[in-house]
Amino acid sequence: MSFTNILTEKKGGLLTITINRPEKLNALNRETIQELNEALNLAHHDEEVRCLILTGSGQKAFVAGADISEFAHFSVEEGRKLSHDGQVKLFDKLENFHKPVIAAVNGFALGGGLELAMACHIRIASDNAKMGLPEVSLGVIPGYGGTQRLPMLIGRGRANQLIFSAEMINAETAASWGLVNKTVPQEQLLAECEALADKICKNSPKAIAFAIEAVNAGFEDGVNGYEAEIDAFGRAFGTADFKEGTTAFLDKRKPVFAGK
Ligand code: COA
């Protein structure tokens, strides 16, 4: 399948998706969100794909936000729909994706761009990255999950500071606040993410999917995360991956997981 606004590259079990609108600092327009949705659907059904990296094209930006030119004239109803559709099509889908997604934050991650990185399971940033939620400077608020995911990641006080001030923080501060796991020189960013993806790809895809489910359950309203963990733990025992993993350990060999 060919896309206009994104590039996809498969290498072994790793799928790298690159948002490719560098002249607009990879701003997320509706078409890009739709294409990302479709790329995730394809990755969902592709058994070869075990881990994903999401990044932006060029040296300057991961994603500089939702495309402001698309919503500048929106009504109340259109604004609500923009937020709702984006959350369903992309942001919630990413967070609940059953294969790990690593955000390689290679520059500006602002507004919808930071929200996109936060919806991924893991974030690694290049040392030139700048992050923030500048929406209130435009008279709006974060609408792709930013008011929820930012406090979860860095605590309410720091999240309030970033959201109310619209200020940007650099990669070093982002790492010290836990917004990204690690900061590396820009030229090492993809290699760093790929090395992590390699480790992930060696493990049981089934177990990882269960782990994503259990971790996310703890952040869902009205769901008991411990019970969700017990349930997912139990289901893991019914998988071929579990048999392979335990048998390989006892046989003193490396497991080969089929993801079943
Ligand atoms: N939506 C639409 N277009 C955007 C964009 C966005 N979120 N962010 C950048 N662009 C476009 C610019 O309009 C410009 O297009 P043009 O060349 O056709 O005029 C191009 O990308 C380059 O951006 P520019 O502003 O010239 O780069 P810069 O280096 O001077 O500034 C930023 C970089 C990131 C500080 C600045 O682009 C910016 O503030 N972007 C908006 C960030 C934002 O508010 N995001 C939240 C949206 S909800």
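What you are looking at is a predicted structure, and each value in this text was computed from that prediction instead of being measured.

How each quantity is defined
- All residue numbers here refer to positions counted from 1 along the written sequence of the relevant chain.
- Totals for whole chains, interfaces and linings use every residue, but because this is a predicted model, local features are given only for residues with pLDDT of at least 70 and side-chain atom pairs only at 80 or more, for both listing and counting.
- With hydrogens and water set aside, each side-chain value is computed from the structure's full complement of heavy atoms.
- Comment: axis = line fitted to C-alpha atoms, over the contacting stretch for helices; angle = value between 0 and 180 degrees taken between N-to-C directions.
- Numbered from the N terminus, helices here are DSSP runs of H or I no shorter than four residues, and strands are runs of E no shorter than two.
- Each angle is binned into one of four classes, with values under 35 degrees roughly parallel, values over 145 roughly antiparallel, values of 65 to 115 roughly perpendicular, and all other values oblique.
- Handedness of a helix crossing follows the sense of rotation of the near helix relative to the far helix, less than a right angle counterclockwise being left-handed and clockwise being right-handed.
- In this analysis, two residues are considered to be in contact whenever any of their non-hydrogen atoms come within 4.5 Å of each other.
- Ten residues, namely Ala, Val, Leu, Ile, Met, Phe, Trp, Tyr, Cys and Pro, are considered nonpolar, four, namely Asp, Glu, Lys and Arg, are considered charged, and the remaining ones, Gly among them, are considered polar.
- Only centres within 6.5 Å qualify two rings of Phe, Tyr or Trp (six-membered ring in Trp) as a pair; their planes then separate them into stacked at under 30 degrees, edge-to-face at over 60, and tilted for everything else.
- Exposed residues in this analysis have more than 50% of their type's maximum accessible area, buried residues have under 20%, and partly exposed residues fall in between, with area computed by a 1.4 Å probe over protein chains only.
- In this context, the arc is that of the directions from the helix axis out to the C-beta atoms.
- A side-chain nitrogen of Lys or Arg and a carboxyl oxygen of Asp or Glu constitute a salt bridge if their distance falls within 4 Å.
- Here the bounds of each domain stem from an automatic or database domain assignment.
- For any pair of parts, buried area is found by adding up, for both, the accessible area (1.4 Å probe) each one loses once the two are put together.
- Think of a patch as exposed residues, more than 30% relative accessible area, with no salt bridge, where like charges cluster within 9 Å and nonpolar side chains (Val, Leu, Ile, Met, Phe, Trp, Tyr) cluster within 5 Å.
- A 1.4 Å probe and the Shrake-Rupley method give the accessible areas. Residues count as covered only by the protein chains that appear here.
- Throughout, the term near means that a residue has one or more heavy atoms lying within 4 Å of the molecule or strand in question.
- N or O atoms closer than or at 3.5 Å make up a polar contact, with two conditions inside protein: a donor-capable atom paired with an acceptor-capable one, and, for residues adjacent in sequence, both atoms drawn from side chains.

The next subject is the packing of helix H4 (residues 112-119) against helix H5 (residues 146-154). Axis angle and axis distance: for two packed helices, these are the angle between their axes and the distance between the axes, and together they describe the pair. Running from N to C, H4 and H5 cross one another at 55 degrees; their axes reach a closest spacing of 10 Å. One element, H4, and the other, H5, form an angle in the oblique class. The interaxial crossing formed by H4 with H5 has left-handed handedness. Along its contact with H4, which presents Glu115, Met118 and Ala119, the element H5 presents Gly146, Arg149, Leu150 and Leu153. Along the lines of polarity and charge, the residues of the contact of H4 with H5 split into four nonpolar, one polar and two charged.

Our focus in this paragraph is the packing of helix H3 (residues 76-95) against H4. Between H3 and H4, the shortest axis-to-axis distance is 8 Å and the interhelical angle comes to 35 degrees. Contact residues: Leu90, Phe91, Leu94 and Glu95 in H3; Gly112, Glu115, Leu116 and Ala119 in H4. A class-by-class count of the residues in the contact of H3 with H4 yields five nonpolar, one polar and two charged.

Right, let's talk about the packing of aromatic side chains for a bit. Note on aromatic pairs: each is described by the distance of the centres and the angle between the planes. Counted according to the given criterion, the structure contains three aromatic pairs. Here Phe91 and Tyr144 contribute two aromatic rings whose centre-to-centre distance is 4.4 Å and whose plane-to-plane angle is 15 degrees, an arrangement assigned as stacked. With Phe91 in helix H3 and Tyr144 in the loop between strand S8 (130-132) and H5, this residue pair connects regions lying 53 residues apart in the sequence. Pair check on accessibility: Phe91 and Tyr144 agree, each one buried.

Here we take up helix H11 (residues 240-250). Every α-helix winds through 3.6 residues per turn, so residues three or four apart in the chain are directed the same way. Asp241, Glu244 and Ala248 are the residues of H11 that are buried. Along the axis of H11, the buried residues cluster in a sector spanning 65 degrees; they form a single face. Structural note: H11 exposes Lys243, Phe249 and Leu250 on the side pointing more than 90 degrees away from its buried face. Where the residues of H11 are buried, they touch helix H9 (205-217). Taken from the residues just after H11, Lys252 is the one with a positive phi, measuring 55 degrees.

Attention now moves to the pattern of salt bridges. Here the structure, examined in full by the defined rule, presents 14 salt bridges. Glu244 is the partner of Arg253 in a salt bridge, and the nearest nitrogen-oxygen pair spans 2.8 Å. Asp251 is the partner of Arg253 in a salt bridge, and the nearest nitrogen-oxygen pair spans 3.9 Å. The class for Arg253 is partly exposed, based on a relative accessible area of 36%.

The next point concerns the domain arrangement of the protein. When its domains are assigned, the protein resolves into domain 1 (6-201) and domain 2 (205-251). The centre of domain 1, based on its C-alpha atoms, is set 26 Å off from the matching centre of domain 2. If you look at the interface, domain 1 gives 10 residues, while domain 2 gives six residues. Across the interface of domain 1 and domain 2, roughly 600 Å² is buried in total on both sides, 69% from carbon and sulfur atoms. Per-residue buried area on domain 1 facing domain 2 is highest for Arg50, His98 and Met152; these three make up 50% of the total on that side. Taken together, the links from domain 1 to domain 2 amount to zero salt bridges.

Here we take up a nonpolar patch on the surface. Residues Ile68, Leu138 and Val140 make up a contiguous nonpolar surface patch of about 240 Å² in total accessible area. By relative accessible area, which is 47% here, Leu138 ends up partly exposed.

Once that is clear, we can look at the site of the ligand. Around the ligand there are 16 residues in total, and Lys24, Lys60, Ala64, Ala66 and Ile68 lie nearest to it. At 2.5 Å from an oxygen atom of the ligand is found a side-chain nitrogen or oxygen belonging to Lys24. With the chains in place, 59% of the 860 Å² that the ligand exposes on its own is no longer accessible. Across the shell around the ligand, the residue classes tally to nine nonpolar, two polar and five charged.

A word on the side chain of Thr18. Among the structural elements, Thr18 can be located in strand S2 (residues 14-19). Apart from residues lying up to four places away in sequence, Thr18 is in contact with Asn5, Ile6, Leu7, Thr55, Gly56 and Ser57.

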